[in-house]
Amino acid sequence: MYFNSEGQEEVSYDAIVIGSGISGGWAAKELTEKGLKTLVLERGRMVKHGEYPTANMDDWELPNRNKMTLEEMKDYPVQGRTGYTINPAHIHWWPKDTEHPYTETKPFDWIRAYHVGGRSLLWGRQSYRLSPMDFEANLKEGIAVDWPVRYSDIAPWYDYVETFIGVSGQNEGLPQLPDGKFLPPMEYNCLEKDAKAKIESKFPERKITMGRTAHITQEGGYNGRGTCLTRNRCMRGCPFGAYFSSNASTLPAAEATGNLRIRPHSIVTEIIFDDATQKAKGVRILDGETKESKEYFAKVIFMCASTLGTTQILLNSTSERFPDGFGNDSGELGHNLMDHHFRLGANGRSDDFKDQYYKGRRPTGIYVPRFQNLDAKTKRPNYIRGFGYQGGASREGWGRYIAEANYGKGLKDAISQPGNWSMGLMAFGECLPYHENKVTLEKDKKDMYGLPTLNMDAEWKTNEYEMRKEMMSAAAEMLEAAGLKDVKTYDSGCNPGLGIHEMGTARMGLDPKTSVLNKWNQMHAAKNVFVTDGSFMTSAGCQNPSLTYMAFTARAVNYAVEELNKGNL
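These numbers come from a predicted model, not from an experiment.

A.B. asks: So what exactly am I meant to see when it comes to the overall build of the chain here?
C.D. replies: Secondary structure assignment for the chain yields 10 helices and 18 strands. In summary, the chain has a C-alpha radius of gyration of 24 Å against a globular reference of 25 Å for 569 residues, a match within 12%. Its C-alpha atoms give the chain principal-axis dimensions of about 75 × 55 × 50 Å. Burial statistics for the chain: of 569 residues in total, 59% are counted as buried. Considering only contacts in the chain between residues 6 or more positions apart, those separated by 24 or more positions represent 72%.

Spelled out as structure tokens, the structure:
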């Protein structure tokens, strides 16, 4: 084994950030702007903003018109389950499942991205706040453990993050979906406007709002980034920086301070514990290119390697002090794994508005905030918590003729005209934090670097399955109320993980005996280690979680730097 021979000073920083995605980028920005010399360790390759090779390519310019061959798909048996991620337009963002295996005691779709920027280049950009009731639900219902924070603690940090990243949306004054600092919302199309009016008239407790999305919508750009051109090629990377990503936003801000170093190809294998100080003193990495082992040292460490990536590192960081994983005095590390369950709802068509169309390919849809179990009037008998819907309306395109036997002039004439209007609603529901839903380390099953892999053991339970029944029926009754025809429900099923919102494996809590982190995302057992990716979540809510990760990261950095300045870390 090779260890770096540089002097201690050359491999020492004020702060180390593990991971460069949504949370890691924010940690880097905040730490460097507060004057800390910061090293960001990213296990994948470097991707600079603008280095998006397929961003301006049409499908016919891609291999096989943007289709993978059966031979190529053999490397993606898990990620291929998504049905939309693995294709030539995006394939360079996803690591091969065959090189990074894991064990599925129960089916789990782990969708990963190993490069600078991580999944911040690939996320859905939906940006919703958790509400006061989300932070109080565990305590009121006796589920898992209580959050150690309340909405009032994090609200200013939601403001702070939204103001920097730019979120388009509409304030609605809803207690279950707090308002924020928004750029102008994107526009409804004619069918969505009509459906919104009819649905809200028949169901006053159900509101429809435009999706709150981390896209720049104001003319002239925002914070040095361009205005969204509604190309809807976001997953390829946006050359204009019109949606928020680490690459376009936080990492450039961090680099501008002169305090940042990004080291790609740096696979963190373990956190190094110092018995003398009872703190972490640094990290050990494996260089993904040279296979050398190196060590780096810092006063404070931020773990932002994604929920399962961070958990994998912590479980692999064993010592006499932490025989079951770094900071795992409670035994909760790896447990309480959550995701959102989805891929069900309803669709219908409309015979109206055939003289109307829309401009561009809007990269978001409408949003129906949760309307169940908000109070006594909306209480459901068969399940707790709730779900929201994402959806929208559009006109059928030329693709509707693919399966038809049309030829020649008739086909050309037909595909030059838009088809019927249709509208759909797809639900996203909350999963409870079950202790038995967990990941563990498989020491005998190694990845391409010879490192232990994860074993996934998580499933939906009765509360989620009861919720799914209403997720379909309520979608259908809203579309019928809107006047849609041929309304049909569907349930395409989903394994945990497919929502790509994995959370909870190093949860926050009030009691070190039942949680890994305190109210500052600070490890109970090692005060200079902070975990701010999705693993800190104590419950999931039903809202897309990335905005919450960013807000908690900024808050945790502020606290960490204050503690450093006081000499407490």
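A.B. asks: Hey, could you run me through the sheet that holds strand β12 (residues 366-368) in this one?
C.D. replies: Two pairing modes exist for strands in a sheet, parallel and antiparallel, and in both the strands are linked by backbone hydrogen bonds. Read across the sheet, six strands follow the order β6-β12-β13-β14-β11-β17 without closing on themselves; strand pairing throughout is antiparallel. Looking along the sheet, the strands with just one partner apiece sit at the ends: β6 (209-210) and β17 (485-491). In terms of strand pairing, strand β13 (residues 387-395) meets strand β14 (residues 421-429) through nine bridges, oriented antiparallel. Residue pairing in the sheet places Ala393 in a bridge with Met423 of β14. Most of the contacts of helix α5 (residues 190-202) go to β14, to which it runs at about 60°, and overall it touches β6, β11 (344-350), β12, β13 and β14. Packed onto the sheet, helix α9 (residues 462-481) meets β11, β12, β13, β14 and β17 and runs at close to 15° relative to β11.

A.B. asks: What exactly am I supposed to notice about the packing of aromatic side chains here?
C.D. replies: We describe a pair of aromatic rings using the distance from one ring centre to the other and the angle between the two ring planes. The final tally for this structure, using the stated rule, is 26 aromatic pairs. Aromatic side chains Tyr52 and Trp93 sit 6.4 Å apart centroid to centroid with 65° between the ring planes, which places their arrangement in the edge-to-face category. Of this pair, Tyr52 sits in the loop between β2 (38-41) and α2 (70-73) while Trp93 sits in the loop between α2 and β3 (103-104), and the two are 41 residues apart along the sequence. Judged by centre distance (4.1 Å) and plane angle (20°), the ring pair of Tyr128 and Tyr367 falls under stacked. With Tyr128 in the loop between β3 and α3 (132-141) and Tyr367 in strand β12, this pair connects stretches of sequence that are 239 residues apart. For the pair Tyr128 and Tyr367, one class covers both residues: buried. One aromatic cluster is present, built from ring pairs that chain together Phe135, Trp147, Phe536, Tyr549 and Phe552. The ring of Trp110 is capped by Arg112, whose NZ or CZ atom sits 4.2 Å from the centre of that ring. Here Arg125 stacks its cationic end above the ring of Tyr243, 5.7 Å away from the centre of that ring.

A.B. asks: Could you clarify how one ought to interpret the pattern of salt bridges in this entry?
C.D. replies: Oppositely charged side chains can form a pair if their charged atoms are brought close together. With the rule as written, the count across this model stands at 42 salt bridges. Here Glu33 and Lys29 are joined by a salt bridge, their closest N and O atoms 3.1 Å apart. Of this pair, Glu33 and Lys29 both sit in helix α1 (residues 22-33), four residues apart, which is roughly one turn of that helix. For Glu33, a relative accessible area of 41% translates into the label partly exposed. Note that Asp194 is salt-bridged to Lys198, the shortest N-O span being 2.9 Å. Of this pair, Asp194 and Lys198 both sit in helix α5, four residues apart, which is roughly one turn of that helix. For Lys198, a relative accessible area of 34% puts it in the partly exposed group.

A.B. asks: I'm lost on the sheet that holds strand β15 (residues 438-446) in this one. Help?
C.D. replies: Read from one edge to the other, the open sheet built from three strands follows the order β3-β16-β15, with strand pairing classed as mixed. The sheet is open, and its two edges are formed by β3 and β15, each paired on a single side. In the sheet, β3 pairs with strand β16 (residues 452-457) via two bridges, with the strands oriented parallel. Residue Glu104 lies in a different strand from β16, and its bridge partner there is Met456.

A.B. asks: Would you take a moment to explain the packing of α1 against helix α6 (residues 246-255) for this structure?
C.D. replies: Any two packed helices are characterised by how steeply their axes cross, that is the angle between the axes, and by the distance between the axes. It is the contact of α1 with α6, at a shortest axis distance of 7 Å, that shows an interaxial angle of 25°. Classified by the angle between their axes, α1 and α6 sit roughly parallel to one another. In this structure, α1 crosses over α6, and the sense of that crossing is left-handed. Every residue of α6 that contacts α1 at Ile22, Gly25, Trp26, Ala28, Lys29, Thr32 and Glu33 is listed here: Ser246, Thr250, Leu251, Ala253 and Ala254. Class assignment for the residues of the contact of α1 with α6 results in six nonpolar, four polar and two charged.

A.B. asks: Can you help me understand the environment of Pro264 in this one?
C.D. replies: As for its placement among the helices and strands, Pro264 is situated in the loop between β7 (260-263) and β8 (266-274). Take Pro264: its relative accessible area is 22%, and that puts it in the partly exposed class. The sequence separation of Pro264 and Val47 amounts to 217 residues, and the corresponding C-alpha distance is 9.2 Å. Those residues in contact with Pro264 that lie beyond four places of it in its chain are Glu42, Gly44, Arg45, Met46 and Val116.

A.B. asks: Would you take a moment to explain α9 for this structure?
C.D. replies: Residues that lie three or four places apart on an α-helix share one face, since the helix turns once every 3.6 residues. End to end, α9 covers 29 Å across 20 residues, agreeing with the expected 28 Å (1.5 Å per residue, within 8%). Of all the residues in α9, the buried ones are Asn463, Glu464, Glu466, Met467, Arg468, Glu470, Met471, Ala474, Ala475, Ala476, Met478 and Leu479. Buried residues along α9 sit against α5, β11, β12, β13, β14 and β17. Just beyond α9, the residue with positive phi is Gly483, at close to 90°.

Cut-off values and rules
Residues numbered from 1 in each chain as written. Predicted model: local features only at pLDDT ≥ 70, side-chain atom pairs only at ≥ 80, totals over all residues. Heavy atoms only, no water. Helix = DSSP H or I, 4+ residues; strand = E, 2+ residues; numbered from the N terminus. Rg over C-alpha atoms; globule rule 2.2 N^0.38 Å. Buried < 20%, exposed > 50% of the residue type's maximum accessible area, 1.4 Å probe, protein only. Contact = heavy atoms within 4.5 Å. Pairing = 2+ DSSP bridges. Axes fitted to C-alpha atoms, helices over the stretch in contact; angles between N-to-C directions. Phe/Tyr/Trp six-rings, centres within 6.5 Å; stacked < 30°, edge-to-face > 60°. Lys NZ or Arg CZ within 6 Å of the ring centre and 35° of its normal. Salt bridge = Lys/Arg side-chain N within 4 Å of Asp/Glu carboxyl O. Parallel < 35°, antiparallel > 145°, perpendicular 65-115°, else oblique. Left-handed = near helix turned anticlockwise from the far one by under 90°. Nonpolar A, V, L, I, M, F, W, Y, C, P; charged D, E, K, R; others polar. Expected span 1.5 Å × (residues − 1).

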